[in-house]
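Remarks on the overall topology
Letter by letter, the chains look like this.
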Amino acid sequence: MSSKTDLFKKFYTLNQIIGLILIYFVYYWIVQYRGGFSFTEPKIIFNWHPLLMTIAFLYLFANAILHYRAFPNNTKQKLKNQHALIHGCILFLIVLAGFAAFVSHQYAKPQIPHLYSLHSWLGVITIIMFLSQLISGLWCFLYPGVAAQHRETLAPYHVFFGIGIFILAVATALLGFCEKIIFALSDKYKLLPAEAVFGNILGILCVFYCILVVYMITKPEFKRKPKLEYESLLK
């Protein structure tokens, strides 16, 4: 095993640990401070939104963009299929998370307006970019009729926008956490109660997680070795 491969595996293990801790922190925050989860009470239905979005757009999306480097010995076709499958899971969770937010706002008393905050606007942009990325990726990299030169042309843009979408998703999550905690605590927030401290720690963890993922995906030494055949997204 080369030193570069060994170093990547250490970073990848750290990435997985931090990602799972991040999910647990969001779960703990919701259970400890925001009343837990519900399928019937509008106010608590919303709590599914941050948890599912964290799993989808932070943890799974990070794993999707690192997948080609994490499993270099898999065949190209298997990696492409797995990459697409992860994106399919992300899409499913996004739909559920969006549904939870809209239902919660719609049936809250008094009713909460939809899509009025910067967090929601950035969320819509992130989802649109993700869907565009997903559709273009399925067409270009999995559809057999697409010529190799088109794949080679699209691949760098696919990689760039994949990283960009992940960074935008983290920024959107940070705004969402901050918005939810400030709205919930109101004037108490400036006194820095336990939930505010926990929210700040959660935000810092998100930033560190983002930096780690971007470092791993942009470090040239961690790229997969070139193959004789064309390799698709994120070698």
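Bear in mind that the values here come from a model prediction, so they are computed numbers and not experimental data.

Basis of the calculations
- Residues numbered from 1 in each chain as written.
- Predicted model: local features only at pLDDT ≥ 70, side-chain atom pairs only at ≥ 80, totals over all residues.
- Heavy atoms only, no water.
- Helix = DSSP H or I, 4+ residues; strand = E, 2+ residues; numbered from the N terminus.
- Rg over C-alpha atoms; globule rule 2.2 N^0.38 Å.
- Buried < 20%, exposed > 50% of the residue type's maximum accessible area, 1.4 Å probe, protein only.
- Contact = heavy atoms within 4.5 Å.
- Areas by Shrake-Rupley, 256 points an atom, 1.4 Å probe, with all protein chains shown as cover.
- Lys, Arg positive; Asp, Glu negative; His and termini not counted.
- Charge placed at Lys NZ, Arg CZ, Asp CG, Glu CD.
- Salt bridge = Lys/Arg side-chain N within 4 Å of Asp/Glu carboxyl O.
- UniProt positions renumbered as here; feature names shortened; annotations may be inferred.
- Phe/Tyr/Trp six-rings, centres within 6.5 Å; stacked < 30°, edge-to-face > 60°.
- Lys NZ or Arg CZ within 6 Å of the ring centre and 35° of its normal.
- Axes fitted to C-alpha atoms, helices over the stretch in contact; angles between N-to-C directions.
- Parallel < 35°, antiparallel > 145°, perpendicular 65-115°, else oblique.
- Left-handed = near helix turned anticlockwise from the far one by under 90°.
- Nonpolar A, V, L, I, M, F, W, Y, C, P; charged D, E, K, R; others polar.

Quick notes on the overall build of the protein chain
Counting secondary structure elements, the protein chain contains 7 helices and 0 strands. Taken from the N to the C terminus, the helices and strands of the protein chain come in the order α-α-α-α-α-α-α. Against the compact-globule benchmark of 18 Å for 235 residues, the protein chain has a radius of gyration of 19 Å, which places it among compact chains. Once the C-alpha set of the protein chain is aligned to its principal axes, its extents read approximately 60 × 40 × 25 Å. Within the protein chain, buried positions represent 45% of all 235 residues. Within the protein chain, counting contacts between residues at least 6 apart in sequence, those at least 24 apart form 74% of the total. Just so you have it, the protein chain exposes about 12900 Å², and 70% of that area is on carbon and sulfur atoms. Separation of charge centres in the protein chain, based on 20 positive and 9 negative side chains, amounts to 5 Å.

Considering the pattern of salt bridges
Summed over the entire model, instances satisfying the criterion amount to 3 salt bridges. A salt bridge links D6 to K10; its shortest N-O distance comes to 3.6 Å. Placement of the pair is D6 and K10 together in helix α1 (residues 3-33), with a separation of 4 residues, close to one helical turn. Among the salt bridges present, the one from K219 reaches E221, with a minimum N-O distance of 3.6 Å. Given the relative accessible area of 37%, E221 is considered partly exposed.

Observations concerning the UniProt feature "transmembrane region" (unreviewed entry) in the protein chain
When the UniProt feature table is mapped onto this chain numbering, "transmembrane region" (unreviewed entry) sits at residues 12-31, 51-71, 83-108, 120-142, 154-177 and 197-217. End C-alpha atoms of residues 83-108 are separated by 38 Å, and the span's content is 96% helix alongside 0% strand. Secondary structure within residues 197-217 divides into 100% helix and 0% strand; the distance between the first and last C-alpha atoms comes to 31 Å.

Describing the packing of aromatic side chains
Tallied over the full model, the rule gives 19 aromatic pairs. Between F8 and F222, the ring centres sit 5.2 Å apart and the planes meet at 75 degrees, which makes this aromatic pair edge-to-face. In this pair, F8 is assigned in helix α1 and F222 in the segment after α7 (194-218), connecting sequence segments 214 residues apart. Taken together, the ring pairs in this structure connect F8, F11, Y12, Y215 and F222 into an aromatic cluster. Above the face of the F222 ring, K219 is positioned so that its terminal group lies 5.7 Å from the ring centre.

Here's the deal with the packing of helix α3 (residues 48-70) against α7
Contact pair α3 / α7: the axes reach a minimum separation of 10 Å and the direction vectors enclose 15 degrees. Taken together, α3 and α7 sit at an angle that is classed as roughly parallel. Crossing angle aside, the handedness with which α3 passes α7 is left-handed. Contact residues: α3 offers L58, Y59, A62, I65, L66 and R69, while α7 offers C206, Y209, V213, M216, I217 and T218. Here the contact of α3 with α7 is composed, by residue class, of 10 nonpolar, 1 polar and 1 charged.

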